[in-house]
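# Results of the structural survey
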Amino acid sequence: MSNFSSQLRLSSSLLKHLKHQINATSSTTSASAAAMMFERRSFTTTEGSRPTIVHKRSIDILHDPWFNKGTAFSMTERDRLDLRGLLPPTVMSSQQQIERFMVDLKRLEVQARDGPSDPNALAKWRILNRLHDRNETMYYKVLIENIEEYAPIVYTPTVGLVCQNYSGLFRRPRGMYFSAEDRGEMMSMVYNWPADQVDMIVVTDGSRILGLGDLGVQGIGITIGKLDLYVAAAGINPQRVLPVMIDVGTNNERLLKDPLYLGLQEHRLDGEEYISVVDEFMEAVFTRWPHVIVQFEDFQSKWAFNLLQRYRNTYRMFNDDVQGTAGVAIAGLLGAVRAQGKPMIDFPKQKIVVAGAGSAGIGVVNAARKTMARMLGNTESAFESASSQFWVVDANGLITEERTNIDPQALPFARKAKEVGHQGLREGASLVEVVQQIKPDVLLGLSAVGGLFSKEVLEALKGSTSTRPAIFAMSNPTKNAECTPEEAFSVLGDQLIFASGSPFNDVKFDGVIGHCNQGNNMYLFPGIGLGTLLSGSRIISDGMLQAAAECLAAYMKDDEVLKGIIYPSISSIRDITKEVAAAVVKEAIEEDLAEGYRDMDARELKKLDMEEIKTYVKNNMWEPRYPTLVYRKE
Ligand SMILES: NC(=O)C1=CN([C@@H]2O[C@H](COP(=O)(O)OP(=O)(O)OC[C@H]3O[C@@H](n4cnc5c(N)ncnc54)[C@H](O)[C@@H]3O)[C@@H](O)[C@H]2O)C=CC1
Ligand SMILES: CC(=O)C(=O)O
Ligand SMILES: [Mg+2]
């Protein structure tokens, strides 16, 4: 809901309510005395005895500083006032609320020390967050106009710190919470959300937030950060976005013991029980908003893949970590080939070592292998040949067919034991050994292990057979990056191509600049969502994702790429997103998936050429401008 209109409605209804109270008092009582009396009465009644009559429900009550109790609303009150789902599931006493607030206040200094390189990051986040709660138009204007400065605050890395400390930072709720305790209720509680139209949902279960592990209900912060980029980069109307947390418990022992934790304090549901909760959520949101797009974010690997397969042919959904990351990585990998002065068609010759076999790592290898195979003619032997270009290393070392209990997602990338034997390697070989023996063109990290690309590993990469080796240290947030650009450039010199998931500054040494690219799925997911919305495609196909990745790869000019700049600057994210969305729309039309959006039906869409599609996309991007408001009685 727009804060702008809600504030207007809120203050007028508050006035109405106040007037009513004033009229009920003696006619000689002055308005201010009556207001004071009303105020006193509200406070005494909420303490117990007589109830307070309120003329509002749902989100309006949460945004009313007079009546809001935040997490202290009891479950019966939540049901009575249509608040179910609009607050984290734990009911807290007013004393606990104060404790939570005080812990947060006192922790500020420590957070500043442990957090992102900007010691004021969290203070900036608080100021922006308060603006977000007060005035969304102004908030997004500030964000769009200063995206380079504030993306690292509302998104990675600071959003990681925000999630870690969400219990303390929580003030006004934003988004919806569907918990394991809401089973059987979701179909009705989804109507507690005040907006009749929702275009984009970003949902998490909090099980793997960035590289920070299981943060339970606190993971809602990442969905808010991603949706901020949907508004800022893709121009999705902020009144039509919905951050969602599916709280099925947490396996984080610290949170399970924390008396101030806001989520369900029980171990995570698993198996069929878990699936039934997510199924119920999907059914509920698609019943209320049949055209919504759901982005799955930061689910632990096993559920990321499982739920993607389960829903992708029925619902308009995608998994950002598996599919968005893959597209961004492919664009960067193609950029690295061009940076070597080679044509993109040489991509299938690249030797790629990937550290990390989770949702992101496997997503990347899968998509990169498909891209190589397509370049080689898409035959079975092309596929075989493409497979031989990847060496995947996880927490237990190099993955080969000899691995016991191999994760089914990693199985297709397990190397043959005999083959790696010839390469001087074996099952479980360490990363440094793999780099030493393979001498890869690319070393890509999606391991969530900060510093994994140690000096030894970087020294080993000096043996790369490439003229311009590439490092993608893609794990987030900053402290989880596999190495810093300083570490990488200092060992490998200025011919290195470097990208990281969270932003770092360029490195200056010996009079040259080592470019630090940001390789983050933020360059694709907003365009994938917007393109899907505007095409009206029923599903998000592999072709649409591939078109998005190719568009991003083509966005960079030759002279930039030759300088080692393989990803655009975030300052142009709105333009990139428009291009990516247009590519997605075009592909959806070509695959006959596009059913149209609003006045633009499928037939009209088919008549558009690429330039017209871009104009259509641009014209449908929301801009942060104040609309004229007119009051009408309800
Ligand atoms: N830059 C970007 O756009 C994105 C970055 N990421 C980042 O990727 C990281 C991983 O995400 P997921 O794949 O979802 O996590 P995950 O937990 O599913 O996978 C992590 C993988 O790393 C492996 N690993 C752990 N220790 C290792 C070691 N010492 N050496 C080699 N591998 C090791 C694990 O065995 C596992 O296979 C996170 O930090 C996340 O923030 C994820 C999505 C997008
Ligand atoms: C960027 C992102 O999606 C992640 O680190 O999980
Ligand atoms: Mg993610």
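Basis of the calculations
Residues numbered from 1 in each chain as written. Chains lettered and ligands numbered in written order. Predicted model: local features only at pLDDT ≥ 70, side-chain atom pairs only at ≥ 80, totals over all residues. Heavy atoms only, no water. 1 Å grid on protein atoms, 1.4 Å probe; cavity = no way out; pocket = protein on both sides within 12 Å on 5 of 7 lines; lining within 4 Å. Points joined across faces, edges and corners; volume = space filled by probe spheres on them. Helix = DSSP H or I, 4+ residues; strand = E, 2+ residues; numbered from the N terminus. Nonpolar A, V, L, I, M, F, W, Y, C, P; charged D, E, K, R; others polar. Donors = N, O, S within 2.8 Å, 3.2 Å for Na, K, Ca; no water. Buried < 20%, exposed > 50% of the residue type's maximum accessible area, 1.4 Å probe, protein only. Arc of directions from axis to C-beta. Contact = heavy atoms within 4.5 Å. UniProt positions renumbered as here; feature names shortened; annotations may be inferred. Phe/Tyr/Trp six-rings, centres within 6.5 Å; stacked < 30°, edge-to-face > 60°. Domains from an automatic or database assignment. Buried area = accessible area lost by both parts, 1.4 Å probe. Salt bridge = Lys/Arg side-chain N within 4 Å of Asp/Glu carboxyl O. Polar contact = N/O pair within 3.5 Å; in protein donor to acceptor, adjacent residues only side chain to side chain.

Moving on to empty space enclosed by the protein. In total, this model carries 3 cavities of 30 Å³ or more according to the counting rule given. Taken as a whole, the second largest cavity spans an internal volume of roughly 190 Å³. Along its surface, the second largest cavity is lined by 19 residues, and Trp125, Asn129, His132, Tyr166 and Ile224 are the ones closest to its centre. Those elements that provide at least two residues to the lining of the second largest cavity are helix H6 (121–134), helix H9 (158–164), helix H10 (166–169) and helix H12 (220–234). No other element matches the 5 residues that H6 contributes to the lining of the second largest cavity. Among the residues forming the lining of the second largest cavity, the class breakdown is 10 nonpolar, 4 polar and 5 charged.

On to the coordination of the magnesium ion (ligand 3), then. Distances from the magnesium ion (ligand 3) to its protein donors, namely Glu297 (OE), Asp298 (OD) and Asp321 (OD), fall within the range 2.0 Å. When the donors of the magnesium ion (ligand 3) are listed by position in the chain, the intervening gaps give E-D-x22-D. Highlighted residues: Asp298 in the loop between strand S4 (293–296) and helix H15 (301–311) and Asp321 in helix H16 (residues 320–339), separated in sequence by 23 residues. Given a relative accessible area of 5%, Asp321 falls into the buried group.

Taken residue by residue, helix H28 (residues 610–619) has Ile613, Lys614, Tyr616 and Val617 as its buried positions. The arc enclosing the buried residues of H28, seen along the axis, measures out at 160°, which places them on a common side. Facing away from the buried surface of H28 by more than 90 degrees, the exposed residues are Glu611, Lys618 and Asn619. Close packing links the buried residues of H28 with helix H23 (525–535), helix H26 (573–590), strand S15 (596–597), strand S16 (600–601) and helix H27 (602–607).

Right, let's talk about the UniProt feature "active site" (unreviewed entry) in the chain for a bit. In this structure's numbering, the residues bearing the UniProt feature "active site" (unreviewed entry) are Tyr155 and Lys226. Across 72 residues in sequence, these annotated residues keep their C-alpha atoms within 7.0 Å of one another, forming a single compact spot. Along the chain, Tyr155 falls in the loop between helix H8 (147–154) and H9. Since its relative accessible area comes to 3%, Tyr155 is described here as buried. What Tyr155 contacts, discounting residues up to four positions off in sequence, is Gly225, Lys226, Leu229, Asn520, Asn521, Met522 and Phe525. Here Lys226 shows up in helix H12. Not counting residues up to four positions away in its chain, the partners in contact with Lys226 are Tyr155, Val202, Gln295, Glu297, Asp320, Asn521 and Phe525.

A few words now on the packing of aromatic side chains. One pass over the structure, following the stated rule, counts 13 aromatic pairs. Relative to Tyr140, the ring of Tyr139 has its centre 4.8 Å away and its plane inclined at 75°; by these criteria the two rings are edge-to-face. Classification of Tyr139 by relative accessible area gives buried; the value is 3%. Of the residues examined, Tyr140 reaches a relative accessible area of 2% and is grouped as buried. Where Phe286 meets Tyr315, the ring centres are 4.4 Å apart and the plane angle is 25°; that geometry is what we call stacked. Of the two residues, Phe286 sits in helix H14 (residues 271–288) while Tyr315 sits in the loop between H15 and strand S5 (317–319), which places them 29 residues apart along the sequence. On the basis of relative accessible area, Phe286 is assigned to the buried category, the value being 11%.

Looking at the chain, the domain boundaries give domain 1 (94–315), domain 2 (350–519) and domain 3 (523–617). Domain 1 and domain 2 are separated by 30 Å when their C-alpha centres are compared. Taken together, the contacts link 11 residues of domain 1 with 15 residues of domain 2. When domain 1 packs against domain 2, close to 980 Å² is buried across both sides, 63% of that on carbon and sulfur atoms. For the domain 1 face of the interface with domain 2, the top three residues by lost area are Thr156, Gly211 and Phe305, together amounting to 47%. If you look at where domain 1 meets domain 2, you find 0 salt bridges. Our enumeration of links across domain 1 and domain 2 arrives at 4 residue pairs in polar contact (both at pLDDT 80 or more). The element that contributes the greatest number of residues to the side of domain 1 that touches domain 2 is H15, accounting for 3 residues. A breakdown of the residues in the side of domain 1 that touches domain 2 according to their chemical character gives 7 nonpolar, 3 polar and 1 charged.

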